[in-house]
Amino acid sequence: MLGNDYAQARKQYVEEVRRSFNHAQADTFEDEPASGSTASFFKVRLLIAVFIFAAFVLCDRTGSKFYNYTTDEILSMLQQEKFQSQLDSIREAWNSLAES
């Protein structure tokens, strides 16, 4: 009989513990937007831009060529806005992808 009382008490204790987990506090972070992917994507873009700038400065300091272009040729192409139409189409495509 003593073992039966112990088993009943133990069963009641386990049920109380299980019920306590069902009433856990709600996650306070559920309502916040998931901005981790946007922030990490920005970090990747920033890192790529820094690497490109560092490569440009390195080529400028050493007089090296990048894909058979000197830094002066690259600067003149950028100032001529030779690639503006391609850049605009890339921006438009990028914006449409980012909105999706």
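Since we're looking at a predicted model, the values are computed, not measured. (Residues numbered from 1 in each chain as written. Predicted model: local features only at pLDDT ≥ 70, side-chain atom pairs only at ≥ 80, totals over all residues. Heavy atoms only, no water.)

1. A closer look at unusual backbone geometry
For step 1, the next point in the chain: A positive phi angle, close to 65°, is found at N68, a residue other than glycine.
For step 2, the next point in the chain: Of note, N68 is situated in the loop between α2 (36–62) and α3 (71–80). (Helix = DSSP H or I, 4+ residues; strand = E, 2+ residues; numbered from the N terminus.)

2. Some remarks on the packing of aromatic side chains
For step 1, the next point in the chain: The tally for this structure, following the rule as stated, stands at one aromatic pair.
For step 2, the next point in the chain: Each ring, one from F41 and one from W94, has its centre 5.2 Å from the other, and the planes form 15°; the classification is stacked. Linking F41 in helix α2 with W94 in helix α4 (residues 84–99), this pair joins segments that are 53 residues apart in sequence. (Phe/Tyr/Trp six-rings, centres within 6.5 Å; stacked < 30°, edge-to-face > 60°.)

3. Focus: the pattern of salt bridges
For step 1, the next point in the chain: Taken as a whole, this structure holds one salt bridge when the rule is applied.
For step 2, the next point in the chain: Linking D88 and R91 is a salt bridge whose minimum nitrogen-to-oxygen distance equals 3.4 Å. Of this pair, D88 and R91 both sit in helix α4, three residues apart, which is roughly one turn of the helix.
For step 3, the next point in the chain: For D88, a relative accessible area of 38% puts it in the partly exposed group.
For step 4, the next point in the chain: The partly exposed category is assigned to R91, whose relative accessible area is 47%. (Salt bridge = Lys/Arg side-chain N within 4 Å of Asp/Glu carboxyl O. Buried < 20%, exposed > 50% of the residue type's maximum accessible area, 1.4 Å probe, protein only.)

4. Thoughts on the environment of S96
For step 1, the next point in the chain: Among the structural elements, S96 can be located in helix α4.
For step 2, the next point in the chain: Note on S96: relative accessible area 38%, which makes it partly exposed.
For step 3, the next point in the chain: At 2.7 Å, the side chain of S96 forms a polar contact with the backbone oxygen of A93. (Polar contact = N/O pair within 3.5 Å; in protein donor to acceptor, adjacent residues only side chain to side chain.)

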